[in-house]
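# Overview (structure and organization)
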Amino acid sequence: MAVAFCVKLGILLGLLFGQAQSARLYTEEDPVVILSSDSLKQTVLNSSSAWLLQFYSSWCGHCIQYSPTWKALAGDVKDWSQAIRIGVLDCAHEKNFDICKEFGIHFYPTFRYFKAHDTTNDFGKTYRGADRELQTVRQLMVNFLQNHTKHDWPVGCPPLDPARSEDILSLMGKKTEFYTAVIVEDKDSYIGREVILDLMPYEGLAVKRALSSDKLLMEKLGISSVPSAYLFYPNGTHTVMNVQKRLRFFFSSFLKLLPGVHRKQTNSALQRPQPGNNGQGTQVEWKEFEKSKVYMADLESGLHYLLRVELATHKTLEGEELKTFKDFVTVVAKLFPGRQSVVKLLETLLEWLVSLPLEKIPYDAILDLVNNKMRISGLYLSEQVQWVGCQGSSVALRGYPCSLWTLFHVLTVQAANRPDALANTGFEDDPLAVLQTMRRYIGTFFGCQECGKHFEEMAQESLNQVKSVDQAVLWLWRKHNQVNARLTGSMSEDPMFPKTQWPTPDLCPTCHEEQEGLHVWNEQMVLAFLKQHYGASNISPKYSSNSPDRPKTITKPNSNVHLNQNLKPSPDSAPKHQKRTDTNGAGEKHNGVQIEARPGMTFLGLGFSSVDMSLCVLLYALSCVFLMFMFFFFRFRSKRWKARNYRPYV
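Under an unreviewed UniProt entry, the protein chain has the name Sulfhydryl oxidase and belongs to Labeo rohita. Quoted straight from UniProt, the Sequence similarities (unreviewed entry) entry for the protein chain says "Belongs to the quiescin-sulfhydryl oxidase (QSOX) family." UniProt annotates the protein chain under Catalytic activity (unreviewed entry) with the comment "2 R'C(R)SH + O2 = R'C(R)S-S(R)CR' + H2O2".

### Some remarks on the side chain of Thr412
Within the secondary structure, Thr412 is located in helix H14 (residues 400-417). Thr412 sits in the buried class, given a relative accessible area of 3%. Non-local contacts of Thr412, meaning those with residues more than four positions away in its chain, are made with Val434, Leu435, Ala472, Val473 and Leu476.

### A closer look at the environment of Leu530
Structurally, Leu530 is set in helix H18 (residues 523-533). Leu530 sits in the buried class, given a relative accessible area of 1%.

### Concerning helix H16 (residues 449-462)
Three or four residues apart is the spacing at which side chains of an α-helix point the same way, because the helix has 3.6 residues per turn. Helix length check: H16 (14 residues) gives 20 Å between terminal C-alpha atoms against 20 Å at 1.5 Å per residue, within 8%. Every buried residue belonging to H16 is among Gly452, His454, Phe455, Met458, Ala459 and Ser462, and all of these are buried. Projection of H16 onto a plane perpendicular to its axis shows the buried side chains occupying an angular sector of 160°, all on one side. In H16, the exposed positions that point more than 90 degrees away from the buried face belong to Gln449, Gln460 and Glu461.

### Side note on the state of the cysteines
Tallied over the entire structure, the rule returns four disulfides. In this model, Cys448 is linked to Cys451 through a disulfide, with the two sulfur atoms separated by 2.2 Å. Across the S-S bond of Cys448 and Cys451 the torsion is about 70°, and the bridge reads as right-handed. Among the residues examined, Cys448 registers a relative accessible area of 22% and is labelled partly exposed. Here Cys508 pairs with Cys511 through a disulfide, and the sulfurs are 1.9 Å apart. Taking the sign of the S-S torsion, about 75° here, the bridge from Cys508 to Cys511 comes out right-handed. No difference in accessibility class separates Cys508 from Cys511, as the two residues are buried. Shown here for the protein chain is a disulfide pattern of 1-2, 3-4, 5-6, 7-8, where each number marks a bonded cysteine counted in sequence order.

### A closer look at the pairing of strand S9 (residues 228-232)
In terms of residue burial, S9 counts as a mostly covered element, since five of its five residues are buried. Going residue by residue along S9, you find Ser228, Tyr230 and Phe232 tucked away on one face and Ala229 and Leu231 tucked away on the opposite face as well. Two strands pair when backbone bridges link them, and strand S6 (residues 179-185) and S9 are joined in this way by five bridges, in the antiparallel orientation. Counterpart to Val182 in the pairing with S9 is Tyr230.

Thresholds applied
- Residues numbered from 1 in each chain as written.
- Predicted model: local features only at pLDDT ≥ 70, side-chain atom pairs only at ≥ 80, totals over all residues.
- Heavy atoms only, no water.
- UniProt positions renumbered as here; feature names shortened; annotations may be inferred.
- Helix = DSSP H or I, 4+ residues; strand = E, 2+ residues; numbered from the N terminus.
- Buried < 20%, exposed > 50% of the residue type's maximum accessible area, 1.4 Å probe, protein only.
- Contact = heavy atoms within 4.5 Å.
- Expected span 1.5 Å × (residues − 1).
- Arc of directions from axis to C-beta.
- Disulfide = S-S within 2.5 Å.
- Pairing = 2+ DSSP bridges.

The following block contains the structure:
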């Protein structure tokens, strides 16, 4: 019996440990550093930054309950990484038993602070406070940083002590190369120090803090209540910062969005083309725009790239690809709040796709219709790329991906504002119509496979929770912000347009709130903002090109065209049937896309396209069926007439 009990106990413990190792509380997707026995000492000891570690056990119920708070804390202070970093180590993992024992970890979770530049092989300072709320721990992190001396101060961490009033007042009327922001607060306030740490990864700005007890400074700056912020501009002017709410998030967001303030670039990022240059020595024309507007030029340029460039990588559409494209055209044709010429073209394309009983359609036929080879009056989609709200500091940044996000935001809002728009399409009463169409389009046609993989993972995770069109609007907004958070600081981030959480406080102050020191979204106000921002009335026609009397045709581009790059195919890689660019500049180009009239067939001086020919074949087949029907019908009637009127003679 004892042996059997031990065997069962061993099996049970094995299952528990197996579950503990498989059910990881933290993954590489979380904003924490996952440590192990191999990496703990070499990472934490003598580090250039301080560390706050959580030693936990993946089978510990309290650790499981606390993990969302720890992830939220790590995400909240991710910009503090040059000063202090957040890490975790799972003591339930068999590999980590010895290191947890060496560090004297007996209970879970255990929190340890490790100073920067510590060479004494110290096992850290244990935090024993009962209150482990996010705001409390964050403030303790600030206190721990200030306990460092000048000798072991973390590299890259700016001073956190209050600045002297004479140093601040000396900035008045002084021209500098950067902004200086001064947060004036009470002695016990942490806002100033937290804003200083929030702005550490950014350049073009210095942040200092001052105390409200300095009455002379308060009087000179004209500050009557705290916390307040005062801003000194590079040109020597200065003024009180006008923020809607005097909270840490509002101060930090305001400063991050100042012109010329951007995230510090890595060595690889410094090799990017400079703002205003396309990387080929030619200057990019900058278009002034309002952040509070959506531009029709971006939406139409996105459709142009989608239909004429991205889709061109598929010679024919059949099976699931064809169904995905039909569904996409259905949703866009019914919901796109565009100009009449574009809407009519989309509706004509939809009618053609629905009426044509073919299981396989060549891309050239779609291109002929998009380019209006039939010369139908009132159909036109501009062949010019006019990025406005989606323009980047170089042609390799923003552009088409930005316009695609914008297009789908507009479509989700249109579906919510116009519930009857998708009637009789098969998508009526489906709150997921736009999102599922977007999901399938990205997985099938979008050129960035890694982007499509990430989007599919997000969709599998939570798309089934969407039960209404309003929830669909918010789901897409959340996932867009999730992508922005993941790509912050990456090479694809435009230094002129940092990937912040959107909408920013200057666009929607009521969308932002703070609970227990942590920024939270007021999703009811966010939904109202999204419906207004992406509504048809907020779409500006500025920079949209007018329809010409005779629309030109754009040839199918080279299939090697990559997203976010110039649309111009290289002469060496251009297909033989394409006209090469005129070396004398006589060839007509629009943003690198070669324009060329290409009729499908000429007969009696008339141009017939692939669409015309396919329709002719269809009409020919229908006429043959009709003639055969009429032949048998009249033959049958003739026999009946003869039989009825036949009178044999005797």
